[in-house]
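A structural walkthrough
Here is what each chain is made of, one letter per residue.
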Amino acid sequence: MKKILLRGIFFISFLIIGIIIYLSTIGYQTSQFNNLIYERIKLLNNNLSLEIKKIKIKLNIRDFTLYLSTKDPNIIFNQVSIPIAELKSFIDLKSLIKKNILITKVSININDVNYNDIEKILKISKPSNFKRIALNHFEKGKITGNYELIFDEKFKITNFLAEGYVKNFHAKVNKNIKLENASFLYFIEKNNLDLKNFKGILNNLLISEGNLNLSSSDEIEISSNFKSSIKLNLKDIKKILPKNENYLDDKLTDLFITSNLSNEIKLKIDKTRQISDYSFSGIGNVSKTKITLKDPIESKLIKKKIEFIDIDKSKIKIKFNKEKFSTNFDGNYSIDEKNYNVLKFKNILANGINNISLELDFDETLFLDLINYNSSDRTQNVKANIVQKGNKLLFKQINYLNNDDFINVYNLELDETGKIRKLEKIEVNTKLEKKTNNAFTIEIKKNIQIKGKKFDATKLLSIINKNNEKSIFDRLSKNINITLDEIDTGFKDQNTIQKFNLIGKIKNGKFEKLSSKGEFSENKFLDISLKKNEENTLKIFEIYSDIPDPFIKDYDFFRGVIGGKLTFMSSFDKKSSTNQMIIEKFKIKDAPGFLKLLSLADLKGLADAAKGNGVSFDELQINFTKQKDKIELNELYAIGPSVSILMEGYIDNKSGLISFKGNMIPAKTLNTIISKIPVVGEIIIPKDIGEGLFGISFKIKGLPGKVKTTVNPIKTITPRFIQKAIKKK
C-alpha cells in the first residue's frame with residue numbers, strides 16, 4: 001500500500017514538475033483566455049478592440065505568475081490598426097485559485113514600426129503635449145521596443161516601462177532647422193526618460209555619442225551630453241537666424257566654420273512650464289574657420305586692409321547658465337593665410353557686466369602718427385583687460401610691447417558714442433632708428449599732467465590741420481600742465497624744442513586758454529598763447545617762433561621757405577576764423593611753384609637764384625579768413641630786395657579747387673616808381689615810368705593735380721601795391 005502511495009505521489013510530483021517545465025519552456029496554446037483579454041482591453045478603453053487567434057500560456061516560476069502571449073494580434077483603436085508584434089499578459093497564480101483573475105502586467109512588443117502608422121493613432125488620440133509636438137515636428141522614422149503596463153488589483157495603471165530604439169528618425173524644429181538620420185536607444189519608466197547613443201545631423205551639425213535624461217515630478221529636469229562636429233557656411237547659419245535678421249549679409253560675404261565639441265546641457269522647467277534654470281558647457285577644437293568681410297577693415301594704424309580672418313588649430317570652451325556666460329579661446333589667427341599668430345580671448349558675462357581678457361600677437365607694421373612711431377614687421381604683442389557694461393567700455397589696462405618699445409594705458413573709459421569719459425594714465429616709451437624718440441607719461445586726475453624727457457611731434461601739426469571736428473575727447477574738461485625736456489619737430493637742423501612748458505585749460509576736449517614757452521637751439525624761442533576775447537565769444541590764438549619751420553612745413557604753399565621769424569595771429573569761433581601770418585627775413589629756395597612762376601615771367605636771373613642760394617624776402621604777410629567750405633586769401637604781400645609779390649584768391653575745401661591772381665614786380669622797377677612819387681599828394685604812376693614794362697600779372701587755378709599757371713606782362717601797377725611798398729619803405 002505504501003509503495004502504491006509513494007508511486008502515486010512520485011507520479012503526481014513528476015507530472016506537476018513536467019507540467020511546470022513544459023509551461024515554463026514550451027508553453028501551451030489555447031483560446032480559452034481570449035474572452036478574458038477582450039474584457040480587460042475594453043476596461044482600458046472602450047474604443048479599443050482586439051482580434052487574436054490563439055494564446056500561448058507560459059509559467060514564470062520566479063514571479064509565480066502565468067503569462068499569456070500572442071503573436072501579431074490585430075488591435076484596433078477607433079478603426080485604426082495598431083501594429084504590434086507580440087502581446088503578453090501576466091496573471092497572478094494566486095488569483096486563479098481565488099477565481100478572481102488578476103492581470104498584473106501587460107507587455108507589448110513592436111518591431112520596425114513606421115512613424116506613419118503611429119501618426120494615424122496620434123491623430124485620433126486625446127490632446128497632449130506629445131501629440132502636438134509629434135504631429136507638428138516629427139516626419140518619419142522606425143521604432144522598435146518593448147512596453148510594459150503595470151496594473152493594481154482594480155486594473156489601474158500604476159507604472160509604465162519602455163525600452164527600445166529608434167532609427168532613421170527625421171524631424172523639423174522650424175522651416176530652416178531639421179534633424180535627419182537620427183538614431184537612439186530609449187528607456188522609459190513612469191516619470192523618467194533616458195536616451196542613449198544618440199546620433200544624427202542637425203542641419204550641418206553632426207551629433208554623436210549623445211545621451212539625454214528627462215525626469216518629471218514637480219519639475220521637469222533634462223540633462224544631456226553629446227559630441228558635435230560642425231561644418232557650417234554663411235548660408236547654413238542664416239537659416240538658423242530669425243527672419244529679417246540680415247546683419248550677417250551687411251558684414252560678411254562668406255563664413256566657414258569647422259569644429260568639434262563635447263557638450264553638456266541641463267534644463268529645469270517649473271510647474272508653469274517656464275524654464276526655471278539652465279546651463280550649457282561646450283569644450284573642443286576649432287579646426288578651421290574663415291570669415292570673409294564684405295567691407296575690408298581699413299585703419300591708419302596698419303597699411304594692410306583686413307579682408308578676411310582665418311582661425312586654425314584652436315581650443316574653445318563655452319559655458320553659460322541663467323546667471324553667467326563665459327568663453328575661453330586659445331588659438332591662432334591669420335589675416336593673410338600665411339602667417340599665423342597667437343590669439344587668446346576670455347570673457348565672463350554676469351549681471352550685465354562683461355569682463356574680457358584679450359591677448360594677441362601680430363606682425364604688421366604699426367603706425368602711430370601722433371607720436372611718429374612705426375614699428376617693425378617683427379612679432380608684437382597686445383594685452384587688454386576690458387569691462388563692458390551696455391554700450392560703455394572700460395579698458396582697465398592695455399599693454400603694447402615690441403621688444404623694448406612699450407605703450408601702457410590704464411583705466412580708459414569710453415561712452416556709448418566712443419568718446420572718452422575717463423583716462424587715468426598713459427606710459428609711452430618708443431624708439432626711432434634705434435634712438436629713443438618718445439619717453440613721457442600722461443596722468444589725468446584732478447588735472448591733466450603730461451611730463452617726460454622726449455616727445456616726437458614730427459607729424460603732430462599735420463594731424464591738427466586735418467580739422468576733424470569730431471573728437472573722442474569732447475567730454476574732457478580739466479586744467480592741463482605739460483613739462484617736456486625735448487620735443488622733436490622733425491628737422492635735421494634746429495629740430496628740437498627744449499624746456500617746453502605749457503599751462504592751460506581744456507573744456508569739452510578743446511583748449512579754452514593756454515600759455516606755453518620753449519627754447520630752440522642757439523637761443524631761439526617759441527611762445528604760444530590762447531585766450532578769450534572778453535568783448536565777444538571769439539578766441540585769440542597767437543604764435544611767435546624764431547624758427548617757422550615746425551608750423552609751416554606741412555603746407556605745400558610754404559615749400560622752399562628757409563629761415564625767418566614767424567608771427568601768427570588768429571581770431572576764431574566755431575564757424576570761422578580771421579588770420580594773419582607774418583614771416584620776416586627769409587629766403588625761398590627750390591620751391592616748384594615759385595620757380596615755375598619766375599620761368600614763365602622770363603625772370604631768369606631770379607629763377608637761377610631760387611635754385612642756388614635762394615631769393616631773399618624782407619617780409620611776407622598773409623591775411624586770410626577760414627570757413628568750413630572755403631579759405632579766402634584776402635591778401636598776400638611779399639617784399640624783398642629782388643622781387644615783390646601781391647596776391648589774392650581762394651581755396652574750395654570741398655573740391656580742392658584753388659584760384660589765385662596777383663602781380664609780381666622786380667624790386668628795381670618798383671624802387672624807380674617809388675622814387676618818382678612826391679611825398680605829399682595823390683599817388684600816381686609817372687608817365688615816363690608807366691610807359692615801360694614793370695613786371696607780370698599771373699593767375700594760378702585748377703583742381704589738385706591739374707593746376708595751371710598763366711602770366712601776362714603789365715605796364716601799370718595798382719595803387720595798393722605802391723601803398724604797400726611805401727609803407728614798408
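Residues numbered from 1 in each chain as written. Predicted model: local features only at pLDDT ≥ 70, side-chain atom pairs only at ≥ 80, totals over all residues. Heavy atoms only, no water.

1. Thoughts on the overall build of the protein
A tally of helices and strands in the protein yields 14 helices and 42 strands. Taken over 729 residues, the protein has a buried fraction of 39%. In the protein, once contacts between residues fewer than 6 apart in sequence are set aside, the share between residues at least 24 apart is 46%. Accessible area for the protein stands at about 44100 Å²; split by element, carbon and sulfur atoms hold 54% of it. (Helix = DSSP H or I, 4+ residues; strand = E, 2+ residues; numbered from the N terminus. Buried < 20%, exposed > 50% of the residue type's maximum accessible area, 1.4 Å probe, protein only. Contact = heavy atoms within 4.5 Å. Areas by Shrake-Rupley, 256 points an atom, 1.4 Å probe, with all protein chains shown as cover.)

2. Describing the packing of aromatic side chains
The description of two aromatic rings rests on the distance between their centres and on the angle between their planes. Under the criterion given, the structure shown has 13 aromatic pairs. Relative to Phe138, the ring of Tyr115 lies with its centre 6.0 Å away and its plane at 70 degrees, an arrangement referred to as edge-to-face. A residue pair is termed long-range when its members are at least 10 positions apart, and Tyr115 in helix H4 (residues 115-124) and Phe138 in strand S9 (residues 138-151) qualify at 23 residues. Here Tyr115 falls in the buried class, since its relative accessible area comes to 7%. Judged by its relative accessible area of 23%, Phe138 falls in the partly exposed class. Ring pairs connect the aromatic residues Tyr115, Phe138, Phe169, Phe184 and Phe198, which therefore count as one cluster. One Lys or Arg, Lys290, reaches over the ring of Phe308 and ends 4.7 Å from the middle of that ring. Seen from the ring of Tyr650, Lys630 lies directly overhead, with NZ or CZ sitting 4.6 Å from the centre. (Phe/Tyr/Trp six-rings, centres within 6.5 Å; stacked < 30°, edge-to-face > 60°. Lys NZ or Arg CZ within 6 Å of the ring centre and 35° of its normal.)

3. So, the confidence of the model for the protein
Should the pLDDT be low somewhere, the predicted coordinates at that spot are not to be read in detail. Per-residue confidence for the protein gives a mean pLDDT of 79; residues scoring 70 or more make up 77%. Under a pLDDT of 50 for its full length, residues 604-610 has, in the predicted model, 16 contacts with residues more than four places off or in other chains. (pLDDT = per-residue confidence, 0-100.)

4. A closer look at the side chain of Asp546
If you trace the backbone, Asp546 turns up in the loop between strand S33 (539-545) and helix H9 (549-552). For the buried Asp546, which has no salt bridge, the nearest side chain bearing the opposite charge is Lys565, at an N-O separation of 4.2 Å. Looking at Asp546, its side chain comes within polar contact range of the main-chain nitrogen of Phe525, at 2.7 Å. Filtering out sequence-adjacent residues up to four positions away, Asp546 remains in contact with Asn523, Lys524, Phe525, Gly564 and Lys565. (Lys, Arg positive; Asp, Glu negative; His and termini not counted. Salt bridge = Lys/Arg side-chain N within 4 Å of Asp/Glu carboxyl O. Polar contact = N/O pair within 3.5 Å; in protein donor to acceptor, adjacent residues only side chain to side chain.)

5. Observations regarding the pattern of salt bridges
Evaluated as defined, the whole model comprises 19 salt bridges. In this structure, Lys445 engages Glu443 in a salt bridge whose closest nitrogen and oxygen atoms are separated by 3.7 Å. Relative accessible area serves as the criterion here: at 56%, Lys445 is assigned to the exposed category. In this structure, Lys517 engages Asp527 in a salt bridge whose closest nitrogen and oxygen atoms are separated by 2.8 Å. Within this pair, whereas Lys517 is found in strand S31 (residues 510-520), its partner Asp527 is found in strand S32 (residues 524-532), the two being separated by ten residues in sequence. With a relative accessible area of 27%, Asp527 lands in the partly exposed category.

6. Some remarks on the pairing of strand S4 (residues 65-71)
With six of its seven residues buried, S4 lies for the most part within the structure. Relative to strand S7 (residues 86-92), S4 is paired through seven bridges, and the arrangement is antiparallel. Within S7, the position partnered with Tyr67 by the bridge is Phe90. (Pairing = 2+ DSSP bridges.)

7. A word on a nonpolar patch on the surface
Together, Tyr165, Leu185 and Phe187 line one region of the surface with nonpolar side chains, adding up to about 230 Å² of accessible area. Structurally, Tyr165 can be placed in strand S10 (residues 157-172). (Patch = residues over 30% accessible without salt bridge, like charges linked within 9 Å, V, L, I, M, F, W, Y side chains within 5 Å.)

8. Brief notes about the pairing of strand S17 (residues 302-321)
Sheet topology places strand S16 (residues 275-299) next to S17; 15 bridges connect them, and they run antiparallel. Residue pairing in the sheet places Thr292 in a bridge with Phe308 of S17. Connecting S16 to the antiparallel partner S17 that follows it, the hairpin turn spans two residues. Here S17 folds back onto strand S18 (residues 324-334) in antiparallel fashion, the turn holding two residues.

9. Quick word on the environment of Ile291
Looking at where Ile291 falls in the secondary structure, it is placed in strand S16. Apart from residues no more than four positions distant in its own chain, Ile291 is found in contact with Leu252, Asp254, Leu255, Glu307, Phe308 and Ile309.

10. Here's the deal with H4
When we look at burial in H4, the residues that qualify are Tyr115, Glu119, Ile121 and Leu122. The buried side chains of H4 occupy one side of the element, clustering within an arc of 165 degrees when seen end-on. (Arc of directions from axis to C-beta.)

11. Regarding the environment of Ser659
Position of Ser659 among the secondary structure elements: in strand S40 (residues 658-666). Along the chain, Ser659 and Leu703 lie 44 residues apart, while their C-alpha atoms are 9.1 Å from each other. Look past the residues within four positions of Ser659 in its chain and what remains in contact with it is Glu648, Gly649, Tyr650, Ile700 and Lys701.

12. Focus: unusual backbone geometry
Residue Asn372 is not a glycine yet carries a positive backbone phi of 50 degrees. Take Asn372: it is sitting in the loop between strand S21 (367-368) and strand S22 (373-374). A relative accessible area of 10% places Asn372 in the buried class. With a phi angle near 55 degrees, Asn403 is a residue other than glycine that sits in the positive phi range. If you trace the backbone, Asn403 turns up in the loop between strand S24 (392-402) and strand S25 (405-414).

13. Focus: the environment of Asn354
Residue position: Asn354 is located in strand S20 (residues 353-362). Residue Asn354 is classed as buried on the basis of its relative accessible area of 11%. Ignoring sequence-local partners within four residues, the contact set of Asn354 consists of Asn347, Ile348, Leu349, Ile386, Val387 and Gln388. A polar contact is formed between the side chain of Asn354 and the side chain of Asn347, at a distance of 2.9 Å.

14. Thoughts on a positive patch on the surface
A surface patch of like charges, here positive, comprises Lys315, Lys317, Lys319, Lys324, Lys344, Lys346 and Lys383. Only S17 and strand S19 (341-350) provide two or more residues apiece to the positive patch. With respect to the helices and strands, the residue Lys346 is situated in strand S19. (Charge placed at Lys NZ, Arg CZ, Asp CG, Glu CD.)

15. Some words on the side chain of Ser107
With respect to the helices and strands, Ser107 occurs in strand S8 (residues 103-114). Look past the residues within four positions of Ser107 in its chain and what remains in contact with it is Glu86, Leu87, Lys88, Phe90, Asn146, Tyr147 and Glu148.

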